[in-house]
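Per-entry structural report
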Amino acid sequence: MKFLCLASDLDNNQSKGFEIENSEAVFLVKKSDQIYGYQNHCPHLGVNLEWKEDQFLDSTDTLIQCAMHGALFSVESGLCVSGPCRGQNLKTIELHQDSDDKIFLVSND
Ligand code: FES
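Remember, predicted model here, so these are calculated numbers, not experimental data.

1. What to know about the pairing of strand β3 (residues 25-31)
Within β3, seven of the seven residues are buried, which leaves the element mostly enclosed by the surrounding structure. Burial along β3 is two-sided: A25, F27, V29 and K31 and V26, L28 and K30, pointing in opposite directions, are all buried. In terms of strand pairing, strand β2 (residues 14-19) meets β3 through six bridges, oriented antiparallel. Among the inter-strand pairings, F18 is bridged to a residue of β3, identified as V26. Adjacent in sequence and paired antiparallel, β2 and β3 are bridged by five residues, among which N22 carries a positive phi angle near 60°. Relative to strand β4 (residues 34-39), β3 runs antiparallel, the two being bridged by six bridges. Bridge pairing in β4 links F27 to Y38.

So this is what it looks like as structure tokens:
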């Protein structure tokens, strides 16, 4: 498992990106005190999603947005609800939160 951050490092409606070995990248989003994690890989062209460091959400902070062509994704499911990859999903990553509030990446497969 790889330590990512503390759950308390993220406020609600805030996102954070992480580089993993082998040029893999993942990101977390906190919404309603729940943390969601996805591979940082747009299903449209495979690029990283953020428009600047740790900025994965749209201007309303309610949807994940790809900076390249503006595809919008549900924070809760990763489903693309608007844009060129509508109907496709971000790939979820498996997370573990321990009793000390630490968030670990279990698997990004
Ligand atoms: S590369 Fe993400 S919407 Fe086109």
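2. So, the UniProt feature "domain: Rieske" (unreviewed entry) in the chain
This chain's UniProt record puts "domain: Rieske" (unreviewed entry) on residues 2-104. Each end of residues 2-104 is marked by a C-alpha atom, and these two atoms are 5 Å apart; helix forms 0% of the span and strand 39%.

3. Some details on the sheet that holds strand β1 (residues 2-6)
Spatially, β1-β9-β8 is the arrangement adopted by the three strands of the open sheet, whose pairing is antiparallel. Since the sheet does not close on itself, it has two edges, and those belong to β1 and β8 (94-97), each with one partner. With direction set aside, neighbouring strand axes in the sheet form an average angle of 30°. Bridge count for β8 against strand β9 (residues 102-107) is four bridges, and the pairing is antiparallel. Directly across from Q97, in β9, lies its bridge partner I103.

4. Focus on the side chain of K30
Within the fold, K30 resides in strand β3. Among buried charged residues, K30 stands out as having no salt bridge; its nearest opposite-charge side chain is D33, 4.7 Å away. A distance of 3.0 Å separates a polar atom in the side chain of K30 from the backbone oxygen of A7. Among the polar contacts made by the side chain of K30, one reaches the main-chain carbonyl oxygen of L10 at a distance of 2.9 Å. Each residue touching K30, except ones within four places of it in the same chain, is listed here: A7, S8, L10, D11, N12, N13, Q14 and I35.

5. Overview of the pattern of salt bridges
Tallied over the entire structure, the rule returns two salt bridges. Between D54 and K16 there is a salt bridge whose closest N-O contact spans 4.0 Å. Taken as a pair, D54 in the loop between β4 and β5 (63-65) and K16 in strand β2 lie far apart in primary sequence, 38 residues in all.

The rules behind the values
- Per chain, the residues get numbers from 1 upward, laid out in the order the sequence is written.
- pLDDT decides what is reported in this predicted model: residues at 70 or higher carry local features, side-chain atom pairs at 80 or more are listed and counted, and totals for whole chains, interfaces and linings draw on all residues regardless.
- The side-chain values count all of the structure's non-hydrogen atoms but skip hydrogen atoms and water molecules.
- Buried means the residue's accessible area, taken with a 1.4 Å probe over protein chains only, is under 20% of the maximum for its type, while exposed means over 50%, and partly exposed covers the values in between.
- Numbered from the N terminus, helices here are DSSP runs of H or I no shorter than four residues, and strands are runs of E no shorter than two.
- DSSP bridges decide pairing: two strands pair if at least two such bridges lie between them.
- UniProt positions are given in the numbering used here, feature names are shortened, and annotations may be inferred rather than shown by experiment.
- In this analysis, axes come from line fits to C-alpha atoms, helices being fitted only over the stretch in contact, and the angle between any two N-to-C directions falls in the range 0 to 180 degrees.
- Counted charges follow a simple rule, with Lys and Arg positive, Asp and Glu negative, and His plus the chain ends left uncounted.
- One speaks of a salt bridge when a side-chain nitrogen belonging to Lys or Arg is within 4 Å of a carboxyl oxygen belonging to Asp or Glu.
- Counting of polar contacts relies on pairs of N or O atoms within 3.5 Å, with two restrictions inside protein: one atom must be capable of donating a hydrogen and the other of accepting it, and residues adjacent in sequence are counted only when both atoms are side-chain atoms.
- In this analysis, two residues are considered to be in contact whenever any of their non-hydrogen atoms come within 4.5 Å of each other.

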